[in-house]
Structure formats: structure tokens, C-alpha cells
Amino acid sequence: MRRSIKFYCGRDGLREAISRIARHYGLVDERGTPNDSEIVRLLLVTALTQNAPNRVQAAVDIAVAVQKPMMASALGRRIATEYATGQGHVVAGRRGANERRNTARVVLDDWLHESLTALSPYYQDDLGRIHDGKLMADMAMAGARDASLHAIVVGYLARTSVLRERLAEAEMWIRQVVAGAMNEEQRRAG
């Protein structure tokens with residue numbers, strides 16, 4: 001099972017489910033594009049915790065723990081992308097509209113990776129290859145159909161809203177510090 005998986009999500013209504021969740025709960029970026037990775041991780045946790053005691057709370061706790069480092073990492077990528085100046089620097093790739101619409105890329109933390117790896121023998125073909133994209137799509141769709149999804153998403157958003165606010169404040173502060181340092185350097189050079 002790979003840690004970073006790009007998989008097809010255009011079948012069985014998964015793309016529509018991701019978009020519906022994104023719009024309904026506001027899980028979109030500044031351009032209004034669904035946060036596919038975050039939503040898929042949330043759906044995976046929902047599916048993987050179906051038999052957990054105190055299920056909704058357990059799913060919320062795990063989903064928040066999974067997403068926290070991802071949110072911090074995304075802040076770093078946004079800053080690095082903004083200040084990239086040439087080859088060798090972080091540059092956001094462009095995907096075509098059809099690819100963007102029908103695929104999702106998800107990075108798995110340890111908990112998700114271990115949980116999905118335990119299921120991977122069920123997605124192994126006769127040659128021993130694991131079809132991890134199909135596993136991801138099937139589990140995400142199971143999460144999207146889960147009767148407790150609304151309660152889990154509401155609890156998750158309540159817990160992550162403060163984190164989102166704090167990271168937005170930190171991002172603004174970092175941008176101000178970097179802009180100030182660049183202006184200072186320009187004054188010294190000029």
C-alpha cells in the first residue's frame with residue numbers, strides 16, 4: 001500500500017459525493033475547489049471506524065489527528081509556492097480539468113496507512129498486485145454512504161475550525177514577516 005495515492009473517483013458517484021460534502025460543509029479552498037484530500041481522508045476514517053465503540057467521537061478524534069499535520073504541511077507548501085522563483089523550487093503543477101474532475105490524490109498518515117494495508121489482501125490480484133486505488137475508492141464510498149457521516153463531519157469541523165483560524169493567522173504573520181524582510185533587503189541593496 002502506497003503512502004500517496006492518486007486514484008480514480010469518477011465511478012459509483014464518489015466524485016459527486018466529494019463535491020456535495022465540500023459544498024455543504026464548506027470544505028473548499030479559497031477558489032471554491034473541493035478539498036478532495038481532506039474529504040477523502042474524512043470518508044476513509046468514517047468507513048474504517050464503523051465498529052468502534054463510541055463511534056462518532058472515535059471517528060472525530062481520529063479524523064482530527066489525521067488532518068492536523070496535513071493542514072500544517074499545506075501551509076508550508078502555500079508559502080513555498082508563493083515565493084518559488086525558478087527551477088528547483090516548489091511549483092504547483094497544473095492538472096487538466098478532466099483529470100481534476102475524475103481523480104483525487106491523498107496522502108495517508110500512519111493510522112490510515114496501517115488500517116488500509118490490513119485490508120489490502122482483499123484487493124490483491126492473481127499476480128499479487130494490490131489495487132490500492134480501488135481500495136481507496138471503495139472505502140471512501142462506504143464512508144460517503146455511512147449514516148453517521150453528518151454527525152462525524154459536524155464534530156470534525158467544530159474541532160478543526162479553531163485550528164484553521166490559528167493557521168490562517170500564522171500564515172498571515174509569516175507573509176508579513178517575509179514581506180518585511182524582503183523590503184528591508186531591497187532598501188539595503190538600493
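In case you missed it, the structure is sitting above this.
Now for a look at the structure at hand. The residue count restarts for each chain, going from 1 along the sequence in the order it is written. Two thresholds apply to this predicted model, a pLDDT of at least 70 for residue-level local features and 80 or more for giving and counting side-chain atom pairs, whereas whole-chain, interface and lining totals are computed over all residues. Where side-chain values are given, they derive from all heavy atoms of the structure, hydrogens and water being excluded.

Regarding the overall build of the protein chain
- A tally of helices and strands in the protein chain yields seven helices and two strands.
- When a residue's accessible area, from a 1.4 Å probe over protein chains only, is under 20% of the maximum for its type it is buried; when over 50% it is exposed; and in between it is partly exposed. By residue count, 37% of the 190 residues in the protein chain fall in the buried class.
- In the protein chain, of all internal contacts separated by at least 6 residues, the share reaching a separation of at least 24 is 73%.
- Note on areas: Shrake-Rupley with a 1.4 Å probe; residue coverage comes only from the protein chains shown. Carbon and sulfur atoms form 54% of the exposed surface of the protein chain, whose accessible area is close to 11,100 Å². Every helix listed is a DSSP run of H or I at least four residues long, and every strand listed is a run of E at least two residues long, numbered separately from the N terminus. A contact between two residues is defined here by any heavy atoms of the two lying within 4.5 Å.

Quick word on the nonpolar core
- In this structure, F7, L14, V40, L43, L44, L108 and M136 are the most contacted members of the largest nonpolar core, which totals 40 residues.
- Among the elements of the structure, β1 (4-8), α1 (14-25), α2 (36-48), α3 (55-82), β2 (103-107), α5 (110-119), α6 (132-144) and α7 (149-189) are those that each provide at least two residues to this core.
- Once residues lying within four places of it in the same chain are set aside, the contact partners of L43 are L14, I18, I21, M139, A140, G143, A144 and L149. Put simply, a nonpolar core is a bunch of buried Ala, Val, Leu, Ile, Met, Phe, Trp, Tyr and Cys residues held in one set by side-chain atoms that sit within 4.5 Å of each other.

Details of the side chain of T46
- Take T46: it is sitting in helix α2.
- The class for T46 is buried, based on a relative accessible area of 0%.
- Ignoring any residue separated from it by four or fewer positions in sequence, one finds T46 in contact with R55, G143, D146, L149 and I152.

Considerations on the pattern of salt bridges
- Just to be clear on terms, a salt bridge is a Lys or Arg side-chain nitrogen sitting within 4 Å of an Asp or Glu carboxyl oxygen. According to the stated counting rule, one finds 13 salt bridges in the structure shown.
- A salt bridge links D110 to R3; the shortest N-O distance between them is 2.9 Å. On the criterion of sequence distance, the pair formed by D110 in helix α5 and R3 in the segment before β1 is long-range, its members being 107 residues apart.
- Residue D61 pairs with R159 through a salt bridge whose shortest N-O separation is 2.7 Å. Of this pair, D61 sits in helix α3 while R159 sits in helix α7; the two residues are 98 residues apart in sequence, bridging distant segments of the chain.
- You can call D61 partly exposed: its relative accessible area is 34%.
- Assessed through its relative accessible area of 40%, R159 is described here as partly exposed.
- Via salt bridges that share partners, R11, D12, K134 and D138 belong to a single interconnected network.

Considerations on the environment of H131
- One can find H131 in the loop between α5 and α6.
- Residue H131 is classed as partly exposed on the basis of its relative accessible area of 39%.
- The sequence separation of H131 and M1 amounts to 130 residues, and the corresponding C-alpha distance is 8.5 Å.
- Among residues more than four places away in sequence, those in contact with H131 are Y123 and D125.
- Think of a polar contact as two N or O atoms within 3.5 Å of one another; within protein, one of them needs to be a possible hydrogen donor and the other a possible acceptor, and neighboring residues in sequence only count if both atoms come from side chains. Here D125 takes part through its side chain, which lies 3.1 Å from a polar atom of the side chain of H131.

Examining α6
- Given a helix with a known number of residues, its expected span is that number minus one, times 1.5 Å. Compared with an ideal rise of 1.5 Å per residue, which puts 13 residues at 18 Å, α6 spans 18 Å between its outermost C-alpha atoms and is within 8% of the ideal.
- Of all the 13 residues making up α6, eleven are buried; the element is thus mostly covered by neighbouring parts of the structure.
- On the buried face of α6, the contacting elements are β1, α1, α2, β2, α5 and α7.

Points about the pairing of β1
- A one-sided burial pattern is seen for β1, the buried positions being I5 and F7 and the unburied ones S4, K6 and Y8.
- DSSP calls a pair of strands paired once it identifies at least 2 bridges connecting them. Relative to β2, β1 runs antiparallel, the two being bridged by five bridges. Bridged to S4 within β2 is V107.

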